[in-house]
Protein chains: 2
Amino acid sequence: MQPKFTTVRELYSRFSAKEDLSKLGNIYLSGWIRTNRDSGSIGFIALNDGTCFKNIQLVYNGDLENHDVVSHLLTGATIGVHGEIVMTPEMKQPFEMHVTSIEVLGECSSDYPLQKKRHSFEYLRDEAYLRPRTNTFTALYRLRSVLALGVHEFFQGKGFVYVHTPEITANDAEGAGQVFTIVTPDDQGKMSDTDFFGRRASLTVSGQLHVEAFAMAFRDVYTFGPTFRAEKSNTTRHASEFWMIEPEIAFADLDDDMALMEETIKFLIQYALDKCPDEMAFFDRMISPGLLDKLHRVLSTPFTKMEYTDGIKILQDAVKSGKKFENPNIEWGMDLQSEHERYLTEEVVKGPMFLINYPKEIKSFYMRENDDGKTVAACDCLVPGEGEIIGGSQREERYEILEKKMEKIGNKEGLEWYLNLRKWGGCIHSGFGIGFDRLLMYITGIANIRDTEPFPRTSSQLKY
Amino acid sequence: MQPKFTTVRELYSRFSAKEDLSKLGNIYLSGWIRTNRDSGSIGFIALNDGTCFKNIQLVYNGDLENHDVVSHLLTGATIGVHGEIVMTPEMKQPFEMHVTSIEVLGECSSDYPLQKKRHSFEYLRDEAYLRPRTNTFTALYRLRSVLALGVHEFFQGKGFVYVHTPEITANDAEGAGQVFTIVTPDDQGKMSDTDFFGRRASLTVSGQLHVEAFAMAFRDVYTFGPTFRAEKSNTTRHASEFWMIEPEIAFADLDDDMALMEETIKFLIQYALDKCPDEMAFFDRMISPGLLDKLHRVLSTPFTKMEYTDGIKILQDAVKSGKKFENPNIEWGMDLQSEHERYLTEEVVKGPMFLINYPKEIKSFYMRENDDGKTVAACDCLVPGEGEIIGGSQREERYEILEKKMEKIGNKEGLEWYLNLRKWGGCIHSGFGIGFDRLLMYITGIANIRDTEPFPRTSSQLKY
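Quick summary incoming for the structure in this document. Because the structure is a prediction, the values reported are computed rather than measured.

1. Focus on the side chain of Asn420(B)
Following the sequence through the fold, Asn420(B) ends up in helix H12 (residues 416-420). Those residues in contact with Asn420(B), other than ones at most four positions away along the chain, are Tyr129(A) and Tyr399(B).

2. Topic: the interface of chain A and chain B
With 110 residues of chain A in contact, the opposing surface of chain B contributes 110 residues. Across the interface of chain A and chain B, roughly 9,300 Å² is buried in total on both sides, 62% from carbon and sulfur atoms. Area buried by chain A at its contact with chain B is led by His164(A), Phe196(A) and Trp424(A), which between them contribute 9% of it. Applying the counting rule to chain A against chain B returns four salt bridges. Where Asp111(A) meets Lys423(B), a salt bridge forms, and the shortest distance between an N and an O atom there is 3.1 Å. Scanning the region where chain A abuts chain B turns up 54 residue pairs in polar contact (both at pLDDT 80 or more). The element best represented in the side of chain A that touches chain B is helix H4 (residues 135-157) of chain A, accounting for twelve residues. Tallied by class, residues from the side of chain A that touches chain B come to 57 nonpolar, 30 polar and 23 charged. Examined bridge by bridge, strand E8 (residues 181-185) of chain A and strand E8 (residues 181-185) of chain B share three bridges and lie antiparallel to one another. When the bridges of E8(B) are listed, Val183(A) appears paired with Thr181(B).

3. Focus on the packing of helix H9 (residues 308-320) of chain B against helix H10 (residues 338-348) of chain B
Residues and elements named next belong to chain B. Where H9 meets H10, the axes come as close as 11 Å, and the angle between the chain directions of the two elements is 85°. Compared by their axis directions, H9 and H10 come out roughly perpendicular. In this structure, H9 contributes Gly-311, Ile-314, Leu-315 and Ala-318 to the contact, and H10 contributes His-340, Tyr-343, Leu-344 and Val-348. Considered class by class, the residues forming the contact of H9 with H10 number six nonpolar, two polar and no charged.

4. Topic: the sheet that holds strand E2 (residues 42-48) of chain A
Strand order around the closed barrel formed by five strands is E1-E2-E3-E5-E4 (chain A), with mixed pairing between neighbours. In this sheet, adjacent strand axes meet at a mean angle of 55° when their direction is disregarded.

5. Description of the nonpolar core
If you look at soluble globular proteins, the nonpolar side chains tend to sit buried side by side. Formed by 265 residues in total, the largest nonpolar core has its most connected members in Ile56(A), Tyr418(A), Ile443(A), Ile56(B), Tyr418(B) and Ile443(B). With sequence-adjacent residues up to four places away left out, Ile443(A) is seen in contact with Leu143(A), Leu147(A), Leu268(A), Ile269(A), Ala272(A), Met280(A), Leu291(A) and Leu295(A). Counting residues in hydrophobic clusters, the runner-up holds 20 residues, among them Phe180(A), Phe197(A), Ala201(A) and Ile182(B).

6. Points about helix H8 (residues 291-300) of chain A
Residue and element names in this part refer to chain A. Considered for burial, the residues of H8 that qualify are Leu-291, Lys-294, Leu-295, Val-298 and Leu-299. Buried residues in H8, looked at end-on, bunch into an arc of 140°, giving them a common side. Of the exposed residues in H8, those oriented more than 90 degrees away from the buried face are Asp-293, Arg-297 and Ser-300. Where H8 is buried, its residues meet helix H6 (254-275), helix H7 (277-287) and helix H13 (436-444).

7. A closer look at the relation of the copies chain A and chain B
Rotating chain A by 180° and translating it 0.0 Å along the rotation axis places it on chain B, where the RMSD comes to 0.0 Å. As the rotation angle and translation indicate, the two copies are arranged about a two-fold axis. Relative to the rotation axis, the closest C-alpha in chain A is found at Ile182(A), a distance of 2.4 Å. Interface overlap between copies is the fraction of interface residues in one copy that are interface residues in the other; for chain A against chain B it reaches 100%, indicating a shared surface.

8. Overview of the sheet that holds strand E4 (residues 78-87) of chain B
Residues and elements named next belong to chain B. Strands sit in the order E1-E2-E3-E5-E4 around a closed barrel of five strands; the barrel is mixed. Ignoring which end each strand starts from, the neighbouring axes of this sheet average 55° apart. Relative to strand E5 (residues 95-106), E4 runs antiparallel, the two being bridged by ten bridges. Residue pairing in the sheet places Val-86 in a bridge with Glu-96 of E5.

The rules behind these values
Residues numbered from 1 in each chain as written. Chains lettered and ligands numbered in written order. Predicted model: local features only at pLDDT ≥ 70, side-chain atom pairs only at ≥ 80, totals over all residues. Heavy atoms only, no water. Helix = DSSP H or I, 4+ residues; strand = E, 2+ residues; numbered from the N terminus. Contact = heavy atoms within 4.5 Å. Buried area = accessible area lost by both parts, 1.4 Å probe. Salt bridge = Lys/Arg side-chain N within 4 Å of Asp/Glu carboxyl O. Polar contact = N/O pair within 3.5 Å; in protein donor to acceptor, adjacent residues only side chain to side chain. Nonpolar A, V, L, I, M, F, W, Y, C, P; charged D, E, K, R; others polar. Pairing = 2+ DSSP bridges. Axes fitted to C-alpha atoms, helices over the stretch in contact; angles between N-to-C directions. Parallel < 35°, antiparallel > 145°, perpendicular 65-115°, else oblique. Core = buried A, V, L, I, M, F, W, Y, C linked by side-chain atoms within 4.5 Å. Buried < 20%, exposed > 50% of the residue type's maximum accessible area, 1.4 Å probe, protein only. Arc of directions from axis to C-beta. Least-squares fit on C-alpha atoms with pLDDT ≥ 70 in both.

Next comes the structure, spelled out in structure tokens:
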């Protein structure tokens, strides 16, 4: 067993509880040196032990047994430290540690890529395996972890059942989008896309179709796992591998769906603010000034609903009044661009909104056809500063209508089981999908999806 | 919005709180018919609403407006019901609902594959999208969901950071095992395994190497996500896609690792017993009699440690004393078979145990070499009734030793970053992996891994 240690998180937690940490006596910490400066008679190390966003300041002096070694330790080195906590109410940090001994547990050579200076996001992306050691990514990855727990607590607190829908699938939910195909060597050693499973298999783009089967048993369900797109688009919002949250609710129409979306977004924002206050303050200060204001406004604003058809009229009127869009040809039936969505949410509604009832031609086959025969009960949730962050819909529960649509687009074969869910005890149901990585971008103000993921995968990027 | 409903879960929860449910007045439920029998003057429906393992009994009589329709409703149909709760302390179920109206929300035709009779696991596997509606799978999938939350609560409660390690990877952690390769069409439409990422990519077999990088920043981390093996072995314990829990702890040796394993297993068993008592009682009654006793014994027993070398001697002595193994050639250096592991844990130790310090030749390159030069600081956790359920090790933290091993097996190229973790602020660290699906087998007594997963993927099986 390694020596019993105290953590910096524990020290801050005891400090918050008004405990006098100097009474702890001699304690043991271990962690990584962020900075080390020594004047000969006195030295200071900023130590991060991994348990807490904050560092602790270690103070050592010249009579340290291995002072010469310690004073030359470089940023990144790993140490174990004995010492006592001294309260410093007059200083920036509320306490520091006066060390009695420092043991070097792992050296760090001078070619360490993370030196004291500030590094660009681009540089750090290239050192993805080291960037969790920087302030921004310490904050980001801890928030990512905490928020993932928040997703589970939210849905399971409401009685939802979590379903591990499969990653390897025989169908591609949307009927669109490029997919990654899976191959294995056959008996002759030749790569085959049918040898292993007996049919063509690809990586899932959505767990929705599978999770619908579970909604017909458990009523309220969700999936939360990796999904994949083989798109070569090199944007700040696209990755080839990303995590999706996909709830599906039975006995629920589009209004129920939107109520759940609003509740979900607000819960997760509040959760981030409550559980990671240091990290959120850091993002507000260093990454996206005004972030906390933006999030608090979302929390206090009821989400507005607007018909797609009304949205088109508003956009057309705006063009007439001189508003410049990159794509100014606004027509009913078109898929809105991000610039259009942002105009509606930022300049018209001035707050979060749902755009609802889209033309059926631009939406997926499984969405419920409205009585007008032209639109489907779909909605996108749009927020200022971002545009779309969730897409959802009521699902087509009527066997004959769904069958005709599937026959038309030609995906019925292999999806008979999905159709059968409408034959054997079906019901009105709805669902939506939130890209977890994009949600993190929104909540942290981080501008590139590559900087929200531990080891991002995009076209041509597979270094680690 | 759909009508406001009460759930069966809520009714049982209020009942447990000693509430008189007959005071609720007229309430609305919706759900699926499990059984329906009618004698003309009185009819009974067992309704499952998806929120609770238990059904609720609905009582209707001949003067129901649509009595003729209702009395002919088949198993599987979806209904919405208005009525009042009547307490029935003298009956098997503590309350029932006397209905005033029943609306048919979704019919179920007579070709529904789940009829009242009991179906075999094999039959249900073939109807994977419907089996969540059966008792066994209602229990199983709810436990799976709850236990997944338990995993997160356990680790995050201890300050661990959850890391979404990538599914698409350029390396296969173990250097062994068959992997699924990913291909996309190139510009000519020909399937290529290098076009998209610029190098060969496959599906991960373990998140360990990636999560180690995060342990060097956050100290205690874990990953919990899908992993893949392209093995054609058609056993009850192998699937091509399964979820793995992989914690990694810094400043921790093999003893710390084993302490965490024991704590993890005991926590998750206790969690299952506490959070899913109805489901666990069902498994004990219907799937694996004696299950609860077995689990309680694990909870109350400290795990034993045994050296691999001692284990070999014990097995050799057993063979000499007449113990019959399918493989009786026990030699130091061999990989133990399941029969050997089970003999040690079931007949020698008679309880959970760790077998430690395995010959280095049969273990992975990243495991820490012991001072004897022959063994590595690896351990398997063995339990009665199952054999191995966890494998773990202390990792090689010494740059030169690890580099030599990687050069020898030829996987250094592309993994320089992994090696560099030992150069820039490395430290003693350890970790382990639990197959979540196998853990579910153990906790439920379900004998086939295909019956623990929503849509299992194995060789030749990709129906849904």
